[in-house]
Structure formats: structure tokens, C-alpha cells
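# Examination of the molecular architecture
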Amino acid sequence: MTDTTTLAAPSTPALDPQQATTRSFFTDLGAVFSREILTVLRDPFMLIFSLLQPLVFLGLFAPLLTGAMGGFGVGSTADTLQWFVPGVIVMISLFGTAMSGSNLLYEQMTGSYERVLATPLSRSAILAGRSLKEFAPLVVQGLLIAVLAMPFGFSLYPLHLLAGLALLGVFGIGIGALSISLALLSKNREWLFWSVQQSLMFPLLILSGMMLPLESGPGWMQTAAQFNPLTYIVEAERALLGGSFTDPAVLWGLIAAMATCIIGVALGIRATRRTI
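Residues numbered from 1 in each chain as written. Predicted model: local features only at pLDDT ≥ 70, side-chain atom pairs only at ≥ 80, totals over all residues. Heavy atoms only, no water.

## Observations concerning the overall build of the protein chain
As a reminder of what qualifies: Helix numbers and strand numbers start at the N terminus; a helix is a DSSP run of H or I with at least 4 residues, a strand a run of E with at least 2. When checking whether two residues touch, look at their non-hydrogen atoms; a contact exists if any pair is within 4.5 Å.
Looking only at helices and strands, the protein chain features eleven helices and zero strands. Across the protein chain, helices and strands are ordered from the amino to the carboxyl terminus as α-α-α-α-α-α-α-α-α-α-α. Restricting to contacts in the protein chain with at least 6 residues of sequence separation, those with at least 24 account for 77%.

This is the structure we're talking about:
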């Protein structure tokens, strides 16, 4: 007599739908980010150039501010760097993530973007992964700028710097998603993408007080700056890189970053679905 025993497969607890969705999102995000970052690593020349550019900007622009900002209580080189370095880090993150749409326009011409959309990847993961790819080199840039500025009087607070970069990461996802949305709406009209992007980029940059204090500007500029989300990001970065977690500017910066991220991803998903 043959005794047959049926072995039951070990049962695994069913995942909560919300947990499964979250796990799927991060899995897709990792896949998209890995695909996108490889294109950066395969082009070391552009990576090295992107690291040198902000250093040149910092070296040429910061000395001009040392004397010009004496009336704002920022007179020494160390004080100037403490005020200016956060603005440079925000600037390079803004320019980098805003280029997501430009890269997408090229992929649309080659047809590679349509192949990505044909996969079952989450649309929000595609948007976030592409934006993080643009932001990843900027993390290295930010760390490099902060470290190289230390011999000239810049005070480095490692945990605060990492928190500042994380905040910029959230903000960068939103900016990247907005850039991708603009690229999708500007399909086959590259001139439209660049016209809108440049028309919005520089007013936002100037009205954030990123390069120069707005205290000396006219009242209408100071009022307009209050409606600029970039203003709160810059102020939060200055507070964090200045060594403060409790400054109210940090909370307002976090709110601005989250709002930008949510709005950008929502608009990006909507624009992506329209192209399917």
C-alpha cells in the first residue's frame, strides 16, 4: 500500500491592497530610476561637466556679493557663503529637474518613451523615477559645493545638509513632473516648451531671493515673492544649512515642497494618460 501525503504549500498572509500598491510603486520607481540613471553613468563627460559648472559659478559670483551685501548684515566671506551656498544648491536642483521635459522631448522623437508607456509600470513611478534621475547628480553637486566651501568659512552641518537635500528631492520630483507635463503638452512643438519654461523659470528665480536679497527691492517684488513657492524652499534651505531644524522657515519649505510634488505628479499623470 502506498501512502500518499499531500504537502500543502505554506500559506502567505495576503497583503493589504494599500500595502501592495505601495510596494508596487516603489518597485516600479526603482526600475525606472535604474534605467534612467544608467544613461547618466554611461556619459561621464557630462557628469563631470555638471559637477564643475556650479563650482565655477560659486567661485565667480560669491566674491562679488561679499562687498555688495554689507548693508544686509552679510559682510564677511564666511557670512556670504553661509547665505549664498544654499541658493546655489537650490538653483542647480531647479535647473536640473526642470530639464526632465527636454530629455522627454528627445525620447518622444526616438520613440523610446512610447515603449516605456507600453509597460505595466505605474505612471506616477515613471514620473518620479525620471525626476529623481535628474536630481541624483545634484545631490553629489550639493555635497561637493558644501565641502569645498568649508575652507573659506562655510559651516557644514551634515544632518542638516542631508535634510535639505531630501527636501529638495521632494520639490524636485514636483518640478520634474511639471516639466514632463509641459513636454507632453508641447509634443512636436519644442519651441513652445522652451518658451514657456524660460518665461517662468527666471521670474521665479529672481523673485525667490535666491541670488540677491529682496529687502532692497520694491514693495511689489516683495509681495510677489510671498506667492512664489521657490521663496519658501530657499528660506528653508538657508535655515537648514545654517544649522536649524526648528526655524519656522523649514516647516513652510516642507509645505511648499509637498504641495509642489503633489500638484506636479497629479498633472503629470493626467498628461501621461492623455498620450496613451
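## A short note on the packing of helix α4 (residues 100-110) against helix α6 (residues 123-149)
Our working definition: Note on definitions: angles span 0 to 180 degrees between N-to-C directions of axes, and those axes are lines fitted to C-alpha atoms, for helices only across the stretch in contact. The labels follow the angle: roughly parallel below 35 degrees, roughly antiparallel above 145, roughly perpendicular from 65 to 115, and oblique for the rest. Here a crossing is taken to be left-handed if its near helix is turned anticlockwise relative to the far helix by less than a right angle, and right-handed if that turn runs clockwise. Note on residue classes: Ala, Val, Leu, Ile, Met, Phe, Trp, Tyr, Cys and Pro are nonpolar, Asp, Glu, Lys and Arg are charged, and everything else, Gly too, is polar.
Packing of α4 against α6 brings their axes to within 10 Å, and their N-to-C directions diverge by 120°. Taken together, the axes of α4 and α6 are oblique relative to one another. Between α4 and α6 lies a crossing whose hand is right-handed. Across the interface between the two elements, Ser100, Asn103, Leu104 and Glu107 of α4 pack against Arg130, Ser131, Lys133 and Glu134 of α6. Across the contact of α4 with α6, the residue classes tally to one nonpolar, three polar and four charged.

## So, the packing of aromatic side chains
Two descriptors summarise a pair of aromatic rings, namely the distance from one centre to the other and the angle between the planes of the rings. Keep this limit in mind: Geometry of aromatic contacts follows a simple scheme: Phe, Tyr and Trp rings, the Trp one being its six-membered ring, pair when their centres are within 6.5 Å, and the pair is stacked under 30 degrees between planes, edge-to-face over 60, tilted otherwise. Summary of the burial criterion: residues with accessible area below 20% of their type's maximum are buried, those above 50% are exposed, and those between are partly exposed, where the area comes from a 1.4 Å probe applied to protein chains only. Look at NZ for Lys and CZ for Arg. If either is within 6 Å of the ring centre and within 35 degrees of the ring normal, a charge sits over the ring.
Under the counting rule described, the total for this entry stands at three aromatic pairs. Centre to centre, the rings of phenylalanine 193 and tryptophan 194 are 5.2 Å apart; their planes meet at 80°, and the pair counts as edge-to-face. Judged by its relative accessible area of 0%, phenylalanine 193 falls in the buried class. Residue tryptophan 194 is classed as partly exposed on the basis of its relative accessible area of 27%. With centroids separated by 6.3 Å and ring planes inclined at 40°, the aromatic side chains of tyrosine 232 and tryptophan 252 adopt a geometry described as tilted. One end of the pair, tyrosine 232, is in helix α10 (residues 229-241); the other, tryptophan 252, is in helix α11 (residues 248-274), with 20 residues separating them in the sequence. In this arrangement the basic side chain of arginine 238 is found over the ring face of tryptophan 83, its NZ or CZ atom lying 3.7 Å from the centre.

## Considerations on the side chain of histidine 160
Relative to the assigned elements, histidine 160 resides in helix α7 (residues 158-185). Sequence-distant contacts of histidine 160, defined by excluding residues within four places in its chain, comprise Leu240, Leu241, Gly243, Ser244 and Phe245.

## Comments concerning α7
Think of an α-helix as turning once every 3.6 residues; residues three or four places apart then point the same way. To be explicit about the condition: Helix span is expected to be 1.5 Å times the residue number reduced by one.
The terminal C-alpha atoms of α7, which comprises 28 residues, lie 40 Å apart, in line with the 40 Å expected from a rise of 1.5 Å per residue. Taken across its 28 residues, α7 has 20 buried, putting it largely inside the fold.

## Details of the nonpolar core
Soluble, globular proteins show a tendency: their nonpolar side chains are buried together. Basically, it comes down to this: By nonpolar core is meant a set of buried Ala, Val, Leu, Ile, Met, Phe, Trp, Tyr and Cys residues that side-chain atoms within 4.5 Å join together.
By size, the foremost hydrophobic cluster in this structure holds 39 residues, and its most contacted members are Val85, Met210, Leu230 and Ile233. Going through the elements one at a time, α3 (77-98), α6, α7, α8 (190-206), α10 and α11 are the ones with two or more residues in this core. Counting residues per element, this core draws most heavily on α3, at eleven residues. In contact with methionine 210, other than residues within four places in its own chain, are Trp83, Gly87, Val90, Met91, Leu205, Leu230, Val234 and Arg238. Grouped together as the second largest cluster of nonpolar side chains are 22 residues, Val32, Ala177, Ala183 and Leu184 included.

## Observations concerning the packing of α7 against α10
Two numbers describe how α7 lies on α10: the axes approach to 8 Å, and their chain directions differ by 165°. It follows that α7 is roughly antiparallel to α10 by the angle criterion. Where α7 crosses over α10, the two elements pack in a sense that is left-handed. Together, His160, Leu161, Ala163, Gly164, Leu167, Leu168 and Phe171 of α7 and Leu230, Ile233, Ala236, Glu237, Leu240 and Leu241 of α10 make up the contact between the two elements.

## Thoughts on the side chain of threonine 97
Looking at the element boundaries, threonine 97 is found in helix α3. For threonine 97, a relative accessible area of 0% translates into the label buried. Setting aside residues no more than four positions away along its own chain, threonine 97 makes contact with Ser131, Glu134, Phe135, Leu138, Gly172, Ile175, Gly176 and Ser179.

## As for a nonpolar patch on the surface
The line we're drawing: Two distance rules govern patches: like charges are joined within 9 Å, and nonpolar side chains (Val, Leu, Ile, Met, Phe, Trp, Tyr) within 5 Å, applied only to residues with over 30% relative accessible area and no salt bridge. Computed with the Shrake-Rupley method and a 1.4 Å probe, the accessible areas treat only the protein chains shown as cover for residues. The term salt bridge refers to a side-chain nitrogen of Lys or Arg lying within 4 Å of a carboxyl oxygen of Asp or Glu.
There is a patch of nonpolar side chains on the surface, built from Leu251, Trp252, Leu254, Ile255, Met258 and Ile262 and spanning about 610 Å² of accessible area. Among the secondary structure elements, leucine 251 is positioned in helix α11. For leucine 251, a relative accessible area of 52% translates into the label exposed.

## Things to note about the confidence of the model for the protein chain
To keep it simple, the criterion reads: Across the chain, each position has a pLDDT score giving the predictor's confidence in that residue, from 0 to 100.
Here the protein chain shows a mean pLDDT of 79. Residues at 70 or above account for 83%. Taking the mean pLDDT of every element in the protein chain, the minimum, 68, falls on helix α2 (residues 44-68) and the maximum, 94, on α10. Low pLDDT, under 50, characterises residues 1-12; the predicted model gives this stretch zero contacts beyond four residues in sequence or across chains.

## Description of α11
Applicable threshold: As used in this structure description, the phrase polar contact means that two N or O atoms lie within 3.5 Å; if the pair is within protein, one of them must be able to donate a hydrogen and the other to accept it, and residues adjacent in sequence are counted only when both atoms belong to side chains.
The end-to-end C-alpha distance of α11 is 40 Å, a good match for the 39 Å that 27 residues give at a rise of 1.5 Å each. Between the side-chain oxygen of the N-cap and the backbone nitrogen of alanine 249 there are 2.8 Å, and the N-cap of α11 in question is aspartate 247.

## With respect to the environment of leucine 214
As for its position among the elements, leucine 214 is in the loop between α8 and α9 (219-225). Counting along the chain gives eleven residues from leucine 214 to alanine 225, while the straight-line C-alpha distance between them is 8.4 Å. If sequence neighbours within four positions are ignored, leucine 214 has contacts with Ile206, Leu207, Ser208, Gly209, Met221, Gln222 and Ala225.

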